[in-house]
Amino acid sequence: MSRPSLPPPELRPYLEELVRRTSAVCGDRLVSVLAVGSLALGDYRHGRSDVDVTVVVDPTLPRADLSTLARTLAHPELPCPAAGLELVVYGADFAARPSGDAGYLLDLNTGPSLPERAAYDPVEGPAFWYVIDRSVAHQAGLPLYGAPARDVIAAPDRPTVLAALRASVREHADGEGHLADNRVLNGCRATVHCRTGHWFAKRRAGEIVAASEPAFAPLVTRALESFERPRAEAAVLPADEVRAFLAWVAARVEEAASAAGV
């Protein structure tokens, strides 16, 4: 699936206003605003997907300005038409170097289907999501404002990404807080990345795994079908089959990590 050059029409007014508000708060410190995640990989599903955005600033914003930014972008102050907004702000110095740390200045989750969260301390939680997001951003980040993704976001090295995938698969195996179809398709994406070193959209990764692994094809196919529905209508997948699949994914990640010396 080719990556889009523009966000989908139903999101453009929202993203334009998001950029305008971000620019108003950051001023000449704003370096880039990038669409990442499903928007960058061409797999956004309205009513299902989040809007993932990375912001890069230079110099670092003070805490008061970060708090102002979080307030002005929070739903419903800025109504989010997607399932939610996941926005991360990085300082340019941090974003420009490979790292296995979370490293954010602000991590904002907001929207109709997301619990509200504005975090300012990157050691509060696990770092692996941010490593994966920066790796995706370096490969495919879609510029909404300012410098291109590859000019401002360094790619984490392969051992660092594989360590992040190991942690991601472990969290999905626990299952808490994640839809079953998303757990399966994230497992597919992890598997295909281990094989290729390239990030694919979840649907495309699912298609690749379903075609190459007949034993898991029925489960992955059901996950793909469920992924087309709104979150509230997601299918309940057999828990034992999901656990078995994610155990298989974990073994594939371990193989790749061992080969990379992780």
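Values in this document were obtained by computation on a predicted structure and should not be read as measured data.

Draft legend 1. Region of the structure containing the pairing of strand β4 (residues 106–110). Of all five residues in β4, five are buried; the element is thus mostly enclosed. Residues Leu 106, Leu 108 and Thr 110 of β4 are buried on one face, and the alternating residues Asp 107 and Asn 109, pointing to the opposite face, are buried as well. Relative to β4, strand β3 (residues 85–91) is paired through five bridges, and the arrangement is antiparallel. Across the sheet, the residue bridging to Leu 85 is Thr 110, located in β4.

Draft legend 2. Representation of the packing of aromatic side chains. For the coordinates displayed, the defined rule picks out six aromatic pairs. Between Tyr 90 and Phe 94, the ring centres sit 5.8 Å apart and the planes meet at 20°, which makes this aromatic pair stacked. Look at Phe 128 and Trp 129: their rings are 4.6 Å apart centre to centre, the planes differ by 45°, and that puts the pair in the tilted class. Within the aromatic cluster, the residues linked to one another by ring pairs are Phe 216, Phe 245 and Trp 248. For the cation-ring pair, Arg 63 lies above Tyr 120, with the distance from its terminal atom to the ring centre recorded as 3.8 Å.

Draft legend 3. Local environment of unusual backbone geometry. Here the bond from Asp 58 into Pro 59 is cis, since omega is 0°, no more than 30 degrees from zero. You can see Pro 59 is positioned in the loop between β2 (51–57) and α3 (63–73). That bond from His 75 to Pro 76 is cis: its omega, 5°, falls within 30 degrees of zero. With respect to the helices and strands, the residue Pro 76 is situated in the loop between α3 and β3.

Thresholds, definitions, all that
Residues numbered from 1 in each chain as written. Predicted model: local features only at pLDDT ≥ 70, side-chain atom pairs only at ≥ 80, totals over all residues. Heavy atoms only, no water. Buried < 20%, exposed > 50% of the residue type's maximum accessible area, 1.4 Å probe, protein only. Helix = DSSP H or I, 4+ residues; strand = E, 2+ residues; numbered from the N terminus. Pairing = 2+ DSSP bridges. Phe/Tyr/Trp six-rings, centres within 6.5 Å; stacked < 30°, edge-to-face > 60°. Lys NZ or Arg CZ within 6 Å of the ring centre and 35° of its normal.

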